[in-house]
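Close look at the chain arrangement
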Amino acid sequence: AAGKTLKPLALGFSAISLSESDTVTVPAGYRAQLVNAWGDAVGIAGNMPAFRQDGSNSAEEQLAQSGMHHDGMHFFPLPYGSQSSNHGLLAINHEYTDDGLLHPDGMKTWTAAKVRKAQAAHGVSVIEVKKNDNGWQQVLPSKYARRISTLTPCRLSGPAAGHALLQTADDPSGREVVGTLNNCANGWTPWGTYLTCEENWNGYFVDWSNNMKPQGFNAKRYGVKESDAGYRWAEHDPRFDAQLNPNEPNRFGWVVEIDPYHPDSKPVKRTAMGRFKHEGAAVAIAPDRRCAFYMGDDERFEYIYKFVTARPYNAKDRKANANLLDEGTLYVAKFNADGSGEWLELTHGKHGLTAENGFRDQGELLVKTRLAADHVGATKMDRPEWTTVNPHNQGEIYCTLTNNSERGKEGKPGPDAANPRANNLFGHIIRWLEAGNNPTATSFQWNIVVLAGNDKAAKEEHKGNIKGDIFGSPDGLMFDRNGILWIQTDVSTSTLNKKEYSGMGNNQMLAMTPQTGEVRRFLTGPRGCEITGIAFTPDHRTLFVNIQHPGEPDSERNDPANPKAISSWPNGALGGRPRSGTVVITRDDGGVIGL
Ligand code: FEO
Ligand code: CA
Ligand code: CA
Ligand code: CA
């Protein structure tokens, strides 16, 4: 799927080595500084509690502090509409909690107060940041500072809002839901709002009845089980007991729109964009100014989706875009073996998406998006994570397929053209170009950009075909405006630097020049972390990156008093619990990042 031919881009930094050190390392001539970590006050006036290293901040304090496990992120210039590159807002996702670190004695005792603190540590932070002679600092206090958590009232909008499947005893209207959670990757809109995407929401719910009755669609197709993923919320918050509240899970799994410039605005769950385990949502603007959002559903054998707004975006009147995400068409991708592809429309009444097949109306179809995608025969992918649009040719879309160890296993789908490796431990990156280079098209041409791998792996199939620095499990992915493709890795802690990943060290961030396929390592993170979140200032002289879950794999080892602790980043020799955080990267000469 070649786009326009472009002159090769020259990367302007020297590659760094693989690393096992407990630090953030960047190339010579660059520096990385911490701007914000879990527990730092976000800057609400009169409510700026200091972080306590022993984890003893209360739930109420946590509601005024940055949450845990920073993930997707975006920079919004201040004032709104400006191209300011020295002052702005950072909207930062807090994906999930490590309760072993969150409370002084971890999960040894389990109380309602701990559940409330965990809920308070999820969601999104909006912080104000400004550059001065000492670099970037948080502005404290800030009138924009805000925490959105699993305790924040949100609105449900779009075709599924008010549907019987979204109604609960607490909310008979089916339009008001408390909170957001598992906010993984993100997106943004051309009208200056932030999109936070609810990923592994199923892991917070418990349906004790799953093994006793015919299973519902949330059990069969979304992984709601008789036990949760270890969060233990249902023990103290009945909202997360799906037997008592069978529709509560249906109120999660959406893309949530937040206006960072209006701290009193209510977050809105946009049901028209479908319900799955949302990773991110990358926008492309069509010639007629309708907006297309490309979205991955991150689980093994799940799909890639596209949502196209019904109406064009209005660049002159911000308010006119307020509900643009409520009306439009949702599609799911089918990748054919001959390099062509189709966007299959998920609209009630089309392709057999009818009442006889389990979809009484568009609202039900959206709540059951995965089932609708199954019905139309979409292509089962190797865990779609981030998507990004190449600004140079205005249309090529790239997506990370992070890995899939179950591809080709007995009873599971085997390799196909778009997911060519069985036991795909290292993942790959795929790209497509829409017909006519138009984001609203219903067909495309695709090819595979790179198969990730370890050139020292024992088996040929794990070596990959990277031209340059090796990596595996690509996750975060973003083109900058100069056409550099930034790749971030999330090798799980069960394999990090072990087994087939031996010798590959900590998670990392790399730059690729798509014209040549060259890959160069730009950053390595501390031990046990994932690298995620990419935000540039408009001038591209500042880059913000998130360090998530330093010190994983488990809470006991995260306790700095434990000799087995593998990380105390960012507080180093001073000790203290490892903390997820945002680092800001600049060049000593003030130049553009990457070039
Ligand atoms: Fe939360 Fe798919 O990464
Ligand atoms: Ca991710
Ligand atoms: Ca991941
Ligand atoms: Ca993560």
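Residues numbered from 1 in each chain as written. Chains lettered and ligands numbered in written order. Predicted model: local features only at pLDDT ≥ 70, side-chain atom pairs only at ≥ 80, totals over all residues.

An unreviewed UniProt entry lists the protein under the name PhoX family phosphatase, with Chitinilyticum piscinae as the source organism.

This part covers unusual backbone geometry. Cis geometry is found at the peptide bond from L140 to P141, where omega equals -10 degrees. Mapped onto the secondary structure, P141 falls in the loop between β5 (135-138) and β6 (146-148). Of note, the amide linkage connecting W569 to P570 takes the cis form, showing an omega dihedral of 5 degrees. With respect to the secondary-structure elements, P570 resides in the loop between α7 (555-558) and β31 (581-587). In this model, H69 sits at a positive phi of 60 degrees, which is unusual for a non-glycine residue. Within the fold, H69 resides in the loop between α1 (59-62) and β2 (70-77). Phi angles above zero are rare outside glycine, and N182 is one such case at about 50 degrees. By the secondary structure assignment, N182 is in the loop between β8 (176-178) and β9 (183-188). Given 28 C-beta atoms within 10 Å, N182 falls into the buried group. (Helix = DSSP H or I, 4+ residues; strand = E, 2+ residues; numbered from the N terminus. Buried ≥ 20, exposed ≤ 12 C-beta atoms within 10 Å, placed from the backbone.)

One finds L90, A91, F293, V332 and V545 to be the most contacted residues of the largest nonpolar core, which totals 153 residues. Non-local contacts of V545, meaning those with residues more than four positions away in its chain, are made with M509, L523, I531, G533, I534, V583 and I585. (Core = buried A, V, L, I, M, F, W, Y, C linked by C-beta atoms within 7 Å. Contact = placed C-beta atoms within 7 Å.)

This part takes up the sheet that holds strand β27 (residues 508-513). Taken together, the 5 strands give an open sheet; going across it, the order is β24-β28-β27-β26-β25, and neighbouring strands pair in mixed fashion. In this open sheet, the two strands that pair with only one neighbour each are β24 (467-468) and β25 (474-479). One ladder, built from 4 bridges, connects strand β26 (residues 485-489) with β27; its direction is antiparallel. Its bridge partner lying in β27, L485 is registered against M512. (Pairing = 2+ DSSP bridges.)

Bringing the pairing of strand β13 (residues 282-285) into the picture now. Residue alternation in β13 divides its side chains into a buried set, A282 and A284, and an unburied set, V283 and I285. Looking at chain direction, β13 and strand β14 (residues 291-296) are connected through 4 bridges and run antiparallel. Bridge assignment links I285 to a residue of β14, and that residue is C291. Linkage of β13 to β14, two consecutive antiparallel strands, is achieved through a turn of 5 residues, within which R289 is found at a positive phi near 70 degrees.

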